[in-house]
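Inside the fold
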Amino acid sequence: MRPIVSYCDKLSHIGALALVAASGQAAAMTPASPRLSPLIVIAHRGASGLRPEHTLAAYSLAIDQGADFIEPDLVPTKDDVLVARHENNIAETTNVADHPEFASRKTTKTIDGQAMTGWFVEDFTLAELKTLRAKERLPKLRPANTAYDGQFQIPTLAEIIALAKRRTTETGRTIGIYPETKHPTYFAKIGHPTDAKLVAELREAGWDSARAPVFIQSFEVANLQRLHTMTKVRLIQLMDGEGGPADGAQPSYKAMITPEGLKAVATYAYGIGPNKSMLWTDAIPTTLVADAHAAGLRVHPWTYRAENYFEPTRFRRGTDPAAHGDIAAEIDACLAQGIDGFFTDFPLYGAQARDRAQGTARAGVK
């Protein structure tokens, strides 16, 4: 999902406690929209709150903690192999800067209108990328994760599929994957289109139906519409609270969440993946979940993280941005709206919330 680039302002513990109570009252007064599917936990880049993101170790830990799906962001190498990185700029997620043989490849590129300086996946072959090692992207917020810096390779999509299938056999649970196509228009323009490659790898794995344990997600629109003609795998339209699709296919995400906009999304997508902030106006639930369900769309918001830095004010604890807030209460509040699944960096909290919600449903409590 979209990166966060600056620290939060001073936090208020007293105000947070008051708003938690207000949020609970607001949610209680707002009828939940019935779920359209069984509730799922999506491990955002793996258990990325506990291990460097997009590594087989992070994905495997997420599965151990009860995730239903693991999420790889996909970008292509120079030799067109799909690998998992949050962005094609790998300056912050690998030790590439420590490799003098690659110093000359540092460059500045414009990606979706934003200038970025660093090293880019599309300038490396897979063999070259395999000489690098992953590192923690958020060391100030997750210092414990830096103990794992330098231990793990960049995984390929094929390796992630193999992991999901192997762990399905080992656990007796169906472990799915939830790949995001990153910057598809940009990659197509530079001669590295990713949609057909992704569909081909999924088909080779035997995954080409709406029953396959796969969702494909994108912030863009045109590539999802194209994928809709290429595969029967379920598609998810990602959305943010501001801006619009980088391909310009729609003027804004806000226009896409109107009842008419959601009906249009439903012509090609199975569901939407909104920024979690879009479910609230202050502490009052919006109508987004109900509106999406009315259009036949599932709702999988992103991203639930434990650190105060990422928490809404009402769920923070103390003033340290790296300290953990009340992620369980935040997830529970959103589950009360009837969401169908959610992304989290901390799958254990997510699995516990899912199990609480399913236990309530089994008891017949609405």
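Source: prediction; values computed, not measured.

Comments concerning the overall build of the chain
The helix and strand inventory of the chain stands at 12 helices and 15 strands. Taking all 366 residues of the chain together, 53% fall into the buried category. Long-range contacts, defined as pairs at least 24 residues apart, comprise 69% of the intrachain contacts of the chain with a sequence gap of at least 6.

Brief notes about the nonpolar core
Of all hydrophobic cores here, the largest spans 73 residues; its most connected members are Ile70, Ile177 and Ile272. Of all hydrophobic cores here, the second largest spans 16 residues; its members include Val96, Val121, Leu129 and Ile154.

A closer look at the environment of isoleucine 327
Of note, isoleucine 327 is situated in helix α11 (residues 327–335). Sequence-distant contacts of isoleucine 327, defined by excluding residues within four places in its chain, comprise Tyr304, Arg305, Ala306, Glu311, Thr344, Phe346 and Tyr349.

A look at unusual backbone geometry
Following tryptophan 302, the chain continues to threonine 303 via a peptide bond in cis, the omega torsion being -15°. A positive phi is found at arginine 45, a non-glycine position, where the angle reads about 60°. Relative to the helices and strands, arginine 45 resides in the loop between β1 (40–44) and α2 (56–64). The backbone of histidine 183 sits at a positive phi, close to 45°, despite the residue not being glycine. Among the secondary structure elements, histidine 183 is positioned in the loop between β8 (180–181) and α5 (184–189). On the basis of relative accessibility, which here comes to 12%, the residue histidine 183 falls in the buried class.

A closer look at the pairing of strand β3 (residues 73–76)
Of the two faces of β3, the one carrying Asp73 and Val75 and the one carrying Leu74 and Pro76 are both buried. In terms of strand pairing, β3 meets β8 through 2 bridges, oriented parallel. Note on β8: the bridge partner recorded for aspartate 73 is glutamate 180. Strand direction decides the pairing type here: β3 and strand β4 (residues 82–84), joined by 3 bridges, are antiparallel. Bridging across to β4, valine 75 finds its partner in valine 83.

Focus: the packing of α2 against helix α4 (residues 157–171)
Put simply, α2 and α4 touch, their axes get as near as 11 Å, and they point 25° apart. With respect to α4, the element α2 is oriented roughly parallel. Of the two elements, α2 crosses α4, and the hand of that crossing is right-handed. Residues Leu56, Tyr59, Ser60, Ile63 and Asp64 of α2 lie in contact with α4, whose contacting residues are Glu159, Ile160, Leu163, Arg167 and Thr171. Per-class residue counts for the contact of α2 with α4 are 5 nonpolar, 2 polar and 3 charged.

Things to note about the packing of α4 against helix α6 (residues 195–204)
Between α4 and α6, whose axes approach to 11 Å, the crossing angle comes to 30°. When the interaxial angle is binned, α4 and α6 end up roughly parallel. In terms of crossing hand, the pair formed by α4 and α6 is right-handed. Contacts between α4 and α6 involve Leu157, Ala158 and Ile161 from the former and Leu198, Glu201 and Leu202 from the latter. Here the residues of the contact of α4 with α6 are counted per class, giving 5 nonpolar, no polar and 1 charged.

As for the confidence of the model for the chain
On average, the chain scores 92 in pLDDT, and the residues at 70 or more come to 90%. Confidence over residues 3–29 falls short of pLDDT 50; this stretch has 37 contacts with residues more than four positions distant or in other chains.

Remarks on the pattern of salt bridges
Taken as a whole, this structure holds 25 salt bridges when the rule is applied. Across the pair aspartate 326 and arginine 317 runs a salt bridge, and its minimum N-O distance is 3.6 Å. A relative accessible area of 22% places aspartate 326 in the partly exposed class. Of the charged contacts, one joins aspartate 332 and arginine 356 as a salt bridge, the two residues approaching to 2.9 Å between their closest N and O atoms. A residue pair is termed long-range when its members are at least 10 positions apart, and aspartate 332 in helix α11 and arginine 356 in helix α12 (residues 347–362) qualify at 24 residues. A residue is classified by how much of its surface remains accessible, and aspartate 332, at 31% relative accessible area, is partly exposed.

Overview of the packing of aromatic side chains
Evaluated as defined, the whole model comprises 13 aromatic pairs. Summarising the aromatic geometry, the rings of tyrosine 309 and phenylalanine 310 are spaced 4.8 Å apart at their centres and angled 70° between planes, so their arrangement reads as edge-to-face. Of the two residues, tyrosine 309 and phenylalanine 310, both sit in the buried class. Through a chain of ring-to-ring contacts, the aromatic side chains of Phe69, Tyr178, Phe215, Tyr270 and Phe343 assemble into a single cluster. Lying over the aromatic face of phenylalanine 215, arginine 234 brings its terminal NZ or CZ to 4.1 Å of the ring centre. If you follow arginine 314 out to its NZ or CZ, it ends over the ring of tryptophan 280, 4.7 Å from the centre.

Quick word on the sheet that holds strand β15 (residues 341–344)
In space, the 4 strands of this open sheet follow the order β7-β2-β1-β15, with parallel pairing throughout. Among the strands making up the open sheet, the edge pair consists of β7 (176–177) and β15. Looking at chain direction, strand β2 (residues 69–71) and β7 are connected through 2 bridges and run parallel. Along β7, the bridge assignment pairs isoleucine 70 with isoleucine 177.

The rules behind these values
Residues numbered from 1 in each chain as written. Predicted model: local features only at pLDDT ≥ 70, side-chain atom pairs only at ≥ 80, totals over all residues. Heavy atoms only, no water. Helix = DSSP H or I, 4+ residues; strand = E, 2+ residues; numbered from the N terminus. Buried < 20%, exposed > 50% of the residue type's maximum accessible area, 1.4 Å probe, protein only. Contact = heavy atoms within 4.5 Å. Core = buried A, V, L, I, M, F, W, Y, C linked by side-chain atoms within 4.5 Å. Pairing = 2+ DSSP bridges. Axes fitted to C-alpha atoms, helices over the stretch in contact; angles between N-to-C directions. Parallel < 35°, antiparallel > 145°, perpendicular 65-115°, else oblique. Left-handed = near helix turned anticlockwise from the far one by under 90°. Nonpolar A, V, L, I, M, F, W, Y, C, P; charged D, E, K, R; others polar. pLDDT = per-residue confidence, 0-100. Salt bridge = Lys/Arg side-chain N within 4 Å of Asp/Glu carboxyl O. Phe/Tyr/Trp six-rings, centres within 6.5 Å; stacked < 30°, edge-to-face > 60°. Lys NZ or Arg CZ within 6 Å of the ring centre and 35° of its normal.

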